[in-house]
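# Architecture and fold: a report
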Amino acid sequence: MDTSCIFCKIASGAIPATFLHEDDAVVAFGDLNPQAPHHVLIIPREHVVSLASATDGHTEVLGRLLRVAAEIAERLGVTDSGYRTVINTGPDGGQSVFHLHVHLLGGRPLAWPPG
Ligand code: AMP
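Residues numbered from 1 in each chain as written. Predicted model: local features only at pLDDT ≥ 70, side-chain atom pairs only at ≥ 80, totals over all residues. Heavy atoms only, no water.

A word on the site of the ligand. Surveying the vicinity of the ligand reveals 16 residues, the closest of which are Asp 31, Asn 88, Ser 96, Val 97 and His 103. The separation between an oxygen atom of the ligand and a polar side-chain atom of Asn 88 is 2.8 Å. Considered on its own, the ligand offers 500 Å² of accessible surface; in the complex 81% of this is hidden by protein. Of all the secondary-structure elements, those providing two or more residues to the shell around the ligand are helix H1 (6–12) and strand S2 (26–30). The element that contributes the greatest number of residues to the shell around the ligand is H1, accounting for 3 residues. (Near = heavy atom within 4 Å. Polar contact = N/O pair within 3.5 Å; in protein donor to acceptor, adjacent residues only side chain to side chain. Areas by Shrake-Rupley, 256 points an atom, 1.4 Å probe, with all protein chains shown as cover. Helix = DSSP H or I, 4+ residues; strand = E, 2+ residues; numbered from the N terminus.)

The next thing to look at is the pairing of strand S3 (residues 38–44). Burial analysis of S3 places 6 of its 7 residues in the buried class, which makes it a mostly covered element. Taken together, the 5 bridges between S2 and S3 define a ladder with antiparallel strand orientation. Across the sheet, the residue bridging to Gly 30 is Val 40, located in S3. (Buried < 20%, exposed > 50% of the residue type's maximum accessible area, 1.4 Å probe, protein only. Pairing = 2+ DSSP bridges.)

Moving on, we get to helix H2 (residues 59–76). Compared with an ideal rise of 1.5 Å per residue, which puts 18 residues at 26 Å, H2 spans 26 Å between its outermost C-alpha atoms and is within 8% of the ideal. Of the residues making up H2, those classed as buried are Val 61, Leu 65, Val 68, Ala 69, Ile 72 and Ala 73. Looking straight down H2, one finds its buried side chains confined to an arc of 140°; they lie on one side. Of the exposed residues in H2, those oriented more than 90 degrees away from the buried face are Thr 59, Glu 60 and Glu 74. (Expected span 1.5 Å × (residues − 1). Arc of directions from axis to C-beta.)

Our next topic: unusual backbone geometry. Of the consecutive residues Trp 112 and Pro 113, the connecting peptide bond is found in the cis state with omega at 5°. Inspection of the secondary structure puts Pro 113 in the segment after strand S5 (102–106).

Next up on the list: the nonpolar core. Core analysis: the biggest nonpolar cluster contains 15 residues, and Val 26, Val 40, Ile 42, Leu 65, Ile 72 and Leu 104 have the highest contact counts within it. For this core, the secondary structure elements donating two or more residues are S2, S3, H2 and S5. With 6 residues, the single largest contributor to this core is H2. Not counting residues within four places of it along the chain, the set of residues in contact with Val 40 comprises Leu 20, Ala 28, Phe 29, Gly 30, Asp 31, Ile 72, Leu 76, Val 102, His 103 and Leu 104. Core analysis: the next-biggest nonpolar cluster, separate from the first, contains 9 residues, Phe 7, Cys 8, Ile 10 and Ala 11 among them. (Core = buried A, V, L, I, M, F, W, Y, C linked by side-chain atoms within 4.5 Å. Contact = heavy atoms within 4.5 Å.)

If you walk across this open sheet you meet the 5 strands as S1-S2-S3-S5-S4, and the pairing is antiparallel. The open sheet is flanked by strand S1 (19–22) and strand S4 (83–86), the only strands paired with a single partner. Averaged over all neighbouring strand pairs, the angle between strand axes comes to 15°, with direction disregarded. Judged from the 5 bridges that link them, S3 and S5 form a sheet pairing that is antiparallel. Bridged to Val 40 within S5 is Leu 104. (Axes fitted to C-alpha atoms, helices over the stretch in contact; angles between N-to-C directions.)

So this is what it looks like as structure tokens:
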């Protein structure tokens, strides 16, 4: 745990949040500033700064993040309408919180390419 990391504090319960999913490795909660009717963040409990700093040792949790995203999408009822999963990495990727997370966005058509 990185004591200065907001997502570590959420994952540990130090900052209260409503979890849409929690298990030993992963938690999911709503984005503070939602960009779509459904905007969920899925994060590893372990403090991993970004996708760029993940290693082969993180292969299982990386897969788990995506499986949990698909399970939540199913529960939210957006599997058929579709949704987007995004991992922003580094400055050009638009990453603003430096704890690896997958965005799950759904509930409206999303433009492509992104800005
Ligand atoms: P990114 O820009 O990809 O690093 O995404 C970080 C996301 O975290 C943004 O969409 C923020 O709105 C969201 N965020 C920041 N702080 C919180 C928080 N305390 N609870 C929930 N979401 C947050």
